[in-house]
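Geometric and topological summary
Residues per chain, in single letters:
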Amino acid sequence: MHRLASGHSGLSTPEANARLEQYGPNEIAEKKINPLLKFLGYFWGTIPWMIEVAAILSAVLNRWDDFAIIIFLLLINGVVGFWQEHKADNAIELLKKRLAPTARVYRDGKWSGIPSGELVPGDLVRIRLGEVVPADVKLIDGDFLQVDESSLTGESLPVDKKVSEVAYSGSMVRQGEMTALVFATGMNTYFGHTARLVELAKTRSHFQRAVVKIGDYLIVLALVLVTLTFIVATLRHEGLLQTLQFALVLVVAAIPAALPAVLSVTMAVGAMQLAKKEAIVSRLAAIEEMAGVDVLCSDKTGTITQNAITVAEVAPFDGFSRKDVLLFGFLASREENGDLIDNAIIKRSKEEGIESGRYRLSSFKPFDPISKRTEAEIDGEHCSFKAAKGAPQAILSLTADSSAATSADEKVEAFALKGYRALGVARTDSKGAWSYVGLIALQDPPREDSAETIKTAQSLGVRIKMVTGDHVAIAKEIAREVGLGTNIEPVSDFLDKSDKEATDIIERADGFAQVFPEHKFRIVELLQARGHIVGMTGDGVNDAPALKKADAGIAVSGATDAAKSAAAIVLTRPGLSVIIDAIKESRKIFRRMNSYAIYRIAETIRVLFFITLSIIVFNFYPVTAIMIVLLALLNDFAIMSIAYDRAEYAQKPSRWNMNTVLGMATFLGLVGTAASFIFLFIGVDYLHLGRDVLQSMMYLKLSVAGHFLIFITRTKGHFWSSRPSNILLAAVLGTQIVATIIASFGLLMPPIGLKLALFVWLYAMAAFVLTDFAKVFLFKRFEQEVDIMEREAVAIEKAAGKI
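The structure reproduced in this document is the subject of the present report. Computed from a predicted structure; not experimentally measured.

Looking at a nonpolar patch on the surface
Together, L733, I737, I741, F745, L747, L748 and L754 make up a nonpolar patch on the protein surface, roughly 660 Å² of accessible area in all. Element by element, the count of residues in the nonpolar patch is highest for helix α27 (residues 726-745), at 4 residues. Residue placement: I741 occurs in helix α27.

Focus on the sheet that holds strand β20 (residues 511-513)
Sheet architecture is open: 8 strands sit in the order β10-β23-β22-β21-β11-β18-β20-β19, paired in mixed fashion. A single partner strand is all that each edge strand has here, and the edge strands are β10 (279-281) and β19 (488-490). When strand polarity is set aside, the average angle formed by the axes of neighbouring strands in this sheet is 20°. Pairing geometry for β10 and strand β23 (residues 569-571), over 3 bridges, is antiparallel. Within the sheet, the bridge partner assigned to V281 lies in β23 and is I569. Where helix α19 (residues 499-508) meets the sheet, it contacts β18 (463-467), β19 and β20, and its direction lies at approximately 105° from that of β18.

Section: the environment of L296
Checked against the element boundaries, L296 lands in strand β11 (residues 295-299). Overall, L296 belongs to the buried group, its relative accessible area being 0%. Dropping the residues within four chain positions of it, L296 is found in contact with V462, R463, I464, K465, G535, M536, T537, I554, L576 and I579.

A word on the sheet that holds strand β17 (residues 434-443)
The strand order across the open sheet formed by 6 strands is β12-β17-β16-β15-β14-β13, and the pairing between neighbours is antiparallel. A strand with exactly one partner marks an edge of an open sheet, and here the two such strands are β12 (310-316) and β13 (360-365). Mean inter-strand twist for the sheet, computed between neighbouring axes without regard to direction, equals 25°. The pairing of β12 with β17 spans 6 bridges and is classified as antiparallel. Following the sheet pairing, T310 is matched in β17 by Q443.

Reading the values: the criteria
Residues numbered from 1 in each chain as written. Predicted model: local features only at pLDDT ≥ 70, side-chain atom pairs only at ≥ 80, totals over all residues. Heavy atoms only, no water. Patch = residues over 30% accessible without salt bridge, like charges linked within 9 Å, V, L, I, M, F, W, Y side chains within 5 Å. Areas by Shrake-Rupley, 256 points an atom, 1.4 Å probe, with all protein chains shown as cover. Salt bridge = Lys/Arg side-chain N within 4 Å of Asp/Glu carboxyl O. Helix = DSSP H or I, 4+ residues; strand = E, 2+ residues; numbered from the N terminus. Pairing = 2+ DSSP bridges. Axes fitted to C-alpha atoms, helices over the stretch in contact; angles between N-to-C directions. Contact = heavy atoms within 4.5 Å. Buried < 20%, exposed > 50% of the residue type's maximum accessible area, 1.4 Å probe, protein only.

Shown next as structure tokens:
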């Protein structure tokens, strides 16, 4: 029973109304960028300027048909790019809303949780350990609050706050809990709105940086080949402006103009797919990191177990009864906090007819990680006393009863063998001396799907390691029930060891018991030093450093705002299965990105080498500038749909292997170049086509074969082993039908007719099938070499360990 006697429903007290008048209405809406300006920015900022120069050169040469076509294609490309970027922004905005912190507010006579953005001046809120202060508030009830304002002021030491002082939005609660009155929200807060999750979401991952490097490589390759082409054409005394126009357009064909859009859309769409699996990404880089995780350090409570805590047994000590243990445990709890342990004790007490109505709560000290207990000061009918509950050893430190110590140790061991967690309860007498009242055994059974999920994780090459603060015996019992393995090590076994010895122990262990949050950081650090990609779960304020350190920090369902801020992924559903679902989905996204990288390099090599060698060796321009622009445009249309493609997740952690990507892409690009030259010779020597028709035929061949290449790169097996998504299939077939109509009926080039177009399709399909068989063979060779290298690395590590 706290000192606030009257109810509150928002804006109902004179002080709240005064505050509202003083600070004005709430402003939460963010400024929106004018869509037209955004489109123009995309148009002029991301479309290669070389196309624009090529358009100007067309006008200078009085080739107005080329000028009109290039400008039209520029506009179409700008619209498509803008639409895709807009969809990606909307997806990230939805994720941002789902990650919005919540606040516990008193409205309509009861406490409830609402999004912090819905708070209004005049609301009463409850602020607790591990939470981010949701608004600028005046503290009006409670003992104290220790607040970390370092992210706002730069001051590293926490600041103590008391009644009538102000706590600012965005600061972190390190200790204590208090009731506060909201007086400013949104942009009206002193420091303004500090959450910038969209900026976090746009952090580039290692994979994205690798793909950008690929883009740089392609640009350099294009510039070298085009410069060579330009020099040869100049030596042949060809028209300078015409050669320059063709060279610029050829560079455009080689530059991956759609690269930023493909990356952002693929990642954003993937993030939305993860959200459907109840895993919210706070930064898109986490997708790649999750795909590569090979060790997952998982909390026991709420992840492997149900987090449905109930009272299993009650063990009173000498001089006290079962009801005494429950009563004093009840008095040391606070229902409005919504704590799971408090709720379990209160529920059992009420079921057994224990009432607290004749006692009045004078003050309450909430749980904190240092004291490991809660403490309440109670005014009874005849005297005042204190009640406390917490870790058995923490409660034992309050008393001087050696017999209670022996009884507590025996009971704790007995409970642990059953998988129960013990909670100590104590009270003071009239003189203030503490007495150990007894123990409450809390039960949190394993989740029904945990055993099956762990087996699935192991089949995916992910090793689960349980991390818990509970007793070793409890951890072993839970581990045995879920089939995890019972090699559970207490952290004391490796804390004082050298890094090598400690890492060996950690790698062998199935889990760790009696873990404090600071130990998690060391576990992650040592595993990473051994070459593992580590996922770490957490929920408390002190878990934040380990979550930040891990390659994939995961804030579990119900985590504090501090843990959510540090984590890369926030779960909205409890259990281990949602993490495994997230790993599977991340591997699918990684595969799409990997396929795009191979495709983009191979396609650039194929087109660049074919055109450049045709000009230099045979003095023949196989396609015109307009045809190259068409190739680039239709390619961008189809390639965007990769983000929506169906993909199979890998059966082992996915890591970036540049040797495989470059090797496969180079092979496919050179095979495509050879196939193009063979087809060119067929057109010249057997079909005896004229120059203009030959160019149109080669344009259609490059377009159809290039889009078929997408189906080759999207899977390591044969193209029929994994069906593409309807969106990708429709995009590729749709663009190629358009290309066929253009070439057949001569809309922007000399016509080749339907018969020749059909021949082009048949040749492209035959080359496609043969290339696919060669790809499967080469991928198997690559994988064999990787397996040999991995086995050799393991053998070297084992030998080094023996030495």
